[in-house]
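Per-entry structural report
Listed below are the residues making up each chain.
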Amino acid sequence: MRFQGVVLVQPKEGIADPEGSTIYDAAGALGYSGVVGVRAGRSFIVDVDANDEEAARRTIMRLGEELLTNPVIQRFSVLSVDVA
Amino acid sequence: MSRVIGVLSFPGTNCEFDVAEVVSRIGANAKLLNHRSTDLKDVDGVILPGGFSYGDYLRPGAVARFSPVMRAVEDFGRRGGPILGICNGFQILTEAGLLPGALQKNRNLSFICEEVELVVATQQSSITRTLKVGTRLRLPINHFEGNYTCDTDTERLLVERDLVVLRYVSNPNGSMNDIAGITNEGRNIVGMMPHPEREGIHFAGENGSRYELLRSFISTW
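Conventions we followed
Residues numbered from 1 in each chain as written. Chains lettered and ligands numbered in written order. Predicted model: local features only at pLDDT ≥ 70, side-chain atom pairs only at ≥ 80, totals over all residues. Heavy atoms only, no water. Helix = DSSP H or I, 4+ residues; strand = E, 2+ residues; numbered from the N terminus. Rg over C-alpha atoms; globule rule 2.2 N^0.38 Å. Buried < 20%, exposed > 50% of the residue type's maximum accessible area, 1.4 Å probe, protein only. Arc of directions from axis to C-beta. Contact = heavy atoms within 4.5 Å. Buried area = accessible area lost by both parts, 1.4 Å probe. Salt bridge = Lys/Arg side-chain N within 4 Å of Asp/Glu carboxyl O. Polar contact = N/O pair within 3.5 Å; in protein donor to acceptor, adjacent residues only side chain to side chain. Nonpolar A, V, L, I, M, F, W, Y, C, P; charged D, E, K, R; others polar. Pairing = 2+ DSSP bridges. Axes fitted to C-alpha atoms, helices over the stretch in contact; angles between N-to-C directions. Lys, Arg positive; Asp, Glu negative; His and termini not counted.

Secondary structure summary: chain A contains two helices and three strands in total. Relative to its length of 84 residues, chain A is extended, with a C-alpha radius of gyration of 16 Å against a globular reference of 12 Å. In terms of overall dimensions, chain A has a C-alpha envelope of 50 × 25 × 15 Å along the principal axes. Scored against the burial criterion, the 84 residues of chain A give a buried share of 33%.

This is how it looks when you write it as structure tokens:
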């Protein structure tokens, strides 16, 4: 079966995020007084052929750890895995 | 017999010929090796030059580290072989886990291409053996992701064990501890963001000769 997973990669807590800070400053400059923080991340949509959802999720987790993320500065979460 | 320096190239590397040219001018033999090589032949040292390997897709160096040649480089490094990563080469070495930390986007989010002043922070590295601590030199930088980052434990380790090789005099990119170059605990692997192969006429080393860092590197053994 084919599954589609969505992976979100974001800067780890405590790691400076110049892109997020710049967007946050721009939001302030545009008058968004209620916006209190922005972190810049990146998402990946991964299509996987696997026997079941568990197996697809395992593959996506491994990909997240090995390739999609630099663990020194980033963390990731799998937002969803659905039948494609 | 002169030493053989393997100069690696990946798709998108663009400084390999400059590095090879300078390496030959200062008395070593440069041997270009591409990303598909599975063995380094009989090189005495390896340089990973700058550029944009794999278009910097995902993260700089993130894809290059999985090239066949990198397995050979990792083995070479583990056996104590001298490795120097310049700019994108430094990014590849951190992605591969051969050097600690990571290189993030510059603090001001701009690509920086300028000459910077550096200060030698240790003599205990393959590129600074002939330079005294405190020696100033000027080299070009040319990067978007040169902002050296690591956790505070790693930063402490780098400082305590004297593993910081070069520091910026005036930090251009937000690097922790003004770090421009580091070495590993085995002291055989060095990564630096500035380009020693592009050293211009402004070299300010105390003995006044050009390419002192690379001269040191090619005579490490």
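The next thing to look at is helix H1 (residues 16-25) of chain B. Residues and elements named next belong to chain B. Every buried residue of H1 is accounted for by Glu16, Val19, Ala20, Val22 and Val23. Mapping the buried residues of H1 onto a view down its axis gives an arc of 165°, with all of them on the same face. What points out from H1, more than 90 degrees from its buried face, is the exposed set Phe17 and Arg25. Packed against the buried residues of H1 are strand S1 (4-9), strand S2 (29-34), strand S3 (45-48), strand S4 (83-86) and helix H5 (212-218). Among the residues trailing H1, glycine 27 stands out with phi positive, at a value near 110°.

The next point concerns the interface of chain A and chain B. Opposite the 15 residues of chain A that make contact, chain B presents 15 residues. Together, the buried faces of chain A and chain B total about 1200 Å²; carbon and sulfur atoms form 62% of this surface. The largest share of the area that chain A buries against chain B comes from A:Pro18, A:Leu67 and A:Asn70, three residues that together contribute 36% of it. Taken together, chain A and chain B are joined by one salt bridge. For B:Lys105, the salt bridge goes to A:Glu19, with nearest N and O atoms at 3.7 Å. The tally of links from chain A across to chain B stands at five residue pairs in polar contact (both at pLDDT 80 or more). Counting only elements with at least two residues in the side of chain A that touches chain B, the list comes to helix H1 (18-29), strand S2 (42-49) and helix H2 (53-68) of chain A. Partitioned by chemical class, the residues of the side of chain A that touches chain B number eight nonpolar, four polar and three charged.

Residue and element names in this part refer to chain B. Among the structural elements, asparagine 88 can be located in helix H3 (residues 88-95). Polar side-chain contacts of asparagine 88 include one of 2.8 Å to the side chain of serine 53. In contact with asparagine 88, not counting residues within four places along its chain, are Pro49, Gly50, Gly51, Phe52, Ser53, Asp56, Pro60 and Gly61.

Residues and elements named next belong to chain A. Spatially, three strands are ordered S2-S1-S3 in an open sheet, and the strand pairing comes out antiparallel. If you trace the sheet from one side to the other, it starts and ends with S2 and strand S3 (74-83), each paired once. For this sheet, the mean inter-axis angle between neighbouring strands, taken without regard to orientation, is 25°. Bridge count for strand S1 (residues 2-11) against S3 is nine bridges, and the pairing is antiparallel. What sits directly across from phenylalanine 3, in S3, is valine 83. Packing of H2 onto the sheet brings it into contact with S1, S2 and S3, and relative to S3 it is tilted by some 155°.

Residue and element names in this part refer to chain B. Positionally, aspartate 56 belongs in the loop between S3 and helix H2 (68-78). No salt bridge is formed by the buried aspartate 56; its nearest oppositely charged neighbour, lysine 105, is found at 9.3 Å. Setting aside anything within four residues of it in sequence, one finds aspartate 56 in contact with Asn88 and Glu145.

All names here are of chain A. Tallied over the entire structure, the rule returns 12 salt bridges over all chains. For the salt bridge of glutamate 53 with arginine 57, the shortest nitrogen-to-oxygen distance reads 3.7 Å. You can see glutamate 53 and its partner arginine 57 sitting in helix H2, four residues apart, about one turn around the helix. Here glutamate 53 falls in the partly exposed class, since its relative accessible area comes to 36%. Judged by its relative accessible area of 26%, arginine 57 falls in the partly exposed class.

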